[in-house]
Amino acid sequence: MEAASHIKSIKNVTELQLVDNPAWCGDKESIKGDKYDDLQCARFICPVVGLEMNGRHRFCFLRSCGCVFSERALKEIKAEVCHKVF
Ligand SMILES: [Zn+2]
C-alpha cells in the first residue's frame with residue numbers, strides 16, 4: 001500500500017475513513033505477491049470523484065473526521081467538508 005504510506009506516518013492521526021474500491025480484487029487467493037499489480041486496481045477510491053488511490057493522485061484527509069478523498073475532489077468542491085454530507 002505505497003499510496004497510503006505517507007498517511008500512516010503522520011503522528012496523532014485520526015482514524016482514516018477509507019472507501020473500498022468495488023473493483024479491487026486483491027483478496028482473491030489467485031493473487032500472489034509477485035503477481036499483484038496495484039497500478040491496475042487500487043484498494044481504495046476517492047468517494048467524491050471516484051479516483052483510485054493508486055499513487056498517481058494526491059489524497060487528503062479531514063482532520064475532523066478522517067475521511068479520505070482526492071486532492072481533485074478538494075479543488076472541485078472547494079470546501080473542506082465531510083463527503084458524507086453529500
Ligand atoms: Zn467525514
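The preceding data block contains the structure.
A short tour of the structure in this document, coming up. (Residues numbered from 1 in each chain as written. Predicted model: local features only at pLDDT ≥ 70, side-chain atom pairs only at ≥ 80, totals over all residues. Heavy atoms only, no water.)

What follows concerns the environment of A23. Mapped onto the fold, A23 is located in the loop between β1 (19-20) and β2 (44-45). Placed 19 residues apart in sequence, A23 and A42 show a C-alpha to C-alpha distance of 8.1 Å. (Helix = DSSP H or I, 4+ residues; strand = E, 2+ residues; numbered from the N terminus.)

With respect to the helices and strands, S70 occurs in strand β4 (residues 68-70). With relative accessibility at 0%, the residue S70 sits in the buried group. When neighbours within four sequence positions are excluded, S70 is seen to be in contact with C46, V49, L51, R58 and F59. (Buried < 20%, exposed > 50% of the residue type's maximum accessible area, 1.4 Å probe, protein only. Contact = heavy atoms within 4.5 Å.)

Let us look at the nonpolar core. In terms of nonpolar packing, the biggest core is built from 11 residues, these being F44, C46, L51, M53, F59, F61, L62, C67, V68, F69 and A73. The set of elements that each furnish at least two residues to this core consists of β3 (59-61) and β4. Apart from the residues within four sequence positions on either side, L51 is in contact with F44, I45, C46, H57, F59, S70 and R72. (Core = buried A, V, L, I, M, F, W, Y, C linked by side-chain atoms within 4.5 Å.)

This brings us to the pattern of salt bridges. Throughout the structure, instances matching the rule amount to one salt bridge. With a shortest N-O distance of 3.9 Å, E71 and K75 are connected by a salt bridge. Placement of both E71 and K75 in helix α2 (residues 71-77) is noted, with a separation of four residues, approximately one turn of the helix. With a relative accessible area of 55%, K75 lands in the exposed category. (Salt bridge = Lys/Arg side-chain N within 4 Å of Asp/Glu carboxyl O.)

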